[in-house]
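Below, each chain spelled out in residue letters.
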Amino acid sequence: MSFEDVAAKRRSVREFSDERLSEKELLKILFAAQGITEPGTGHRSVPSAGATYPLEVYLVNADGVLHYDPSSNSLKEVVQGDLRADLSEAALGQSVVRNAPASVVITGFATRTTQKYGERGRRYVYMEAGHAAQNVLLQAVSLGLAGVPIGAFDDREVEGILGCGSGEKALYILPVGRPVQ
Ligand SMILES: Cc1cc2nc3c(=O)[nH]c(=O)nc-3n(C[C@H](O)[C@H](O)[C@H](O)COP(=O)(O)O)c2cc1C
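Thresholds applied
- Residues numbered from 1 in each chain as written.
- Predicted model: local features only at pLDDT ≥ 70, side-chain atom pairs only at ≥ 80, totals over all residues.
- Heavy atoms only, no water.
- Helix = DSSP H or I, 4+ residues; strand = E, 2+ residues; numbered from the N terminus.
- Rg over C-alpha atoms; globule rule 2.2 N^0.38 Å.
- Buried < 20%, exposed > 50% of the residue type's maximum accessible area, 1.4 Å probe, protein only.
- Contact = heavy atoms within 4.5 Å.
- Areas by Shrake-Rupley, 256 points an atom, 1.4 Å probe, with all protein chains shown as cover.
- Lys, Arg positive; Asp, Glu negative; His and termini not counted.
- Charge placed at Lys NZ, Arg CZ, Asp CG, Glu CD.
- Arc of directions from axis to C-beta.
- Near = heavy atom within 4 Å.
- Polar contact = N/O pair within 3.5 Å; in protein donor to acceptor, adjacent residues only side chain to side chain.
- Nonpolar A, V, L, I, M, F, W, Y, C, P; charged D, E, K, R; others polar.

Caption draft 1: The arrangement of the overall build of the protein in detail. Helix and strand counts for the protein come out as seven helices and eight strands. Relative to the compact-globule value of 16 Å for 181 residues, the protein shows a C-alpha radius of gyration of 15 Å, a close match. For the protein, the spread of C-alpha atoms along the principal axes amounts to about 45 × 40 × 25 Å. Across the 181 residues that make up the protein, the buried fraction comes to 47%. Of all intrachain contacts in the protein linking residues separated by at least 6 positions in sequence, the fraction that spans at least 24 positions is 68%. Entry remark: accessible area of the protein is about 9,000 Å², with carbon and sulfur atoms responsible for 48%. Each charge class in the protein was averaged separately, 19 positive and 22 negative side chains, and the resulting centres sit 5 Å apart.

As structure tokens, then:
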């Protein structure tokens, strides 16, 4: 698909079939969010202010919570068990979060960027989350899938579900799946 076709086809979709996404599909979506495209420098699929890479990416699906490791382009389980209903509650009960086969969740460590740019670095982290989220949504379309950006959620509840450490803030939830025909 050309970029124009992908961009034209992208719409926020909030109903998906129950079918799980394959590991290959999921890794392509996560690679779009934060994958390393230039192993020599470690530069990634999204730009980053001063290449400070403040973002972390998780997947919440029927298996549990998985963390994406850009250096190996792989997923590592951090919490076992289906927490999609809990994530939906944290997102003010939005049913798409409960029913989507998977949600990508983007978090950020602002200090990675504020160490270099001071307070202005906080703004850069939000900008970068937008870059990563758009890549996720466009990659979903190019794979015949769909998604929706979710900004309405309780930050602390989401951080608790993911098991975020100190200084790691929840930024964006992106449920993805196969659109209902
Ligand atoms: C920052 C941001 C937060 C959003 N939060 C939500 C949300 O919490 N729930 C939801 O259903 N849609 C959410 N949306 C999706 C918008 O409703 C949607 O993008 C808008 O209606 C335009 O439709 P389109 O995406 O199909 O072009 C959000 C979009 C953005 C950019």
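Caption draft 2: Region of the structure containing helix H7 (residues 155-162). Residues Val158, Glu159, Ile161 and Leu162 constitute the buried set of H7. Axial view of H7: buried residues confined to an arc of 160 degrees, hence all on one face. The exposed residues of H7 that point more than 90 degrees off its buried face are Arg156 and Gly160. Close packing links the buried residues of H7 with strand E3 (55-61), strand E4 (64-69), strand E5 (74-80), helix H3 (84-90), strand E6 (102-109) and strand E8 (168-177). With its phi angle positive at about 75 degrees, glycine 163 sits one or two positions after the end of H7.

Caption draft 3: Inspection of the site of the ligand at higher detail. Around the ligand, the surrounding shell consists of Arg10, Arg11, Ser12, Arg14, Gln94, Val148, Pro149, Ile150, Gly151, Ala152 and Tyr172. Between an oxygen atom of the ligand and a side-chain N or O atom of arginine 10, the distance comes to 2.9 Å. Burial of the ligand by the protein amounts to 53% of the accessible area it has alone, namely 620 Å². For the shell around the ligand, the class distribution of residues is five nonpolar, three polar and three charged.

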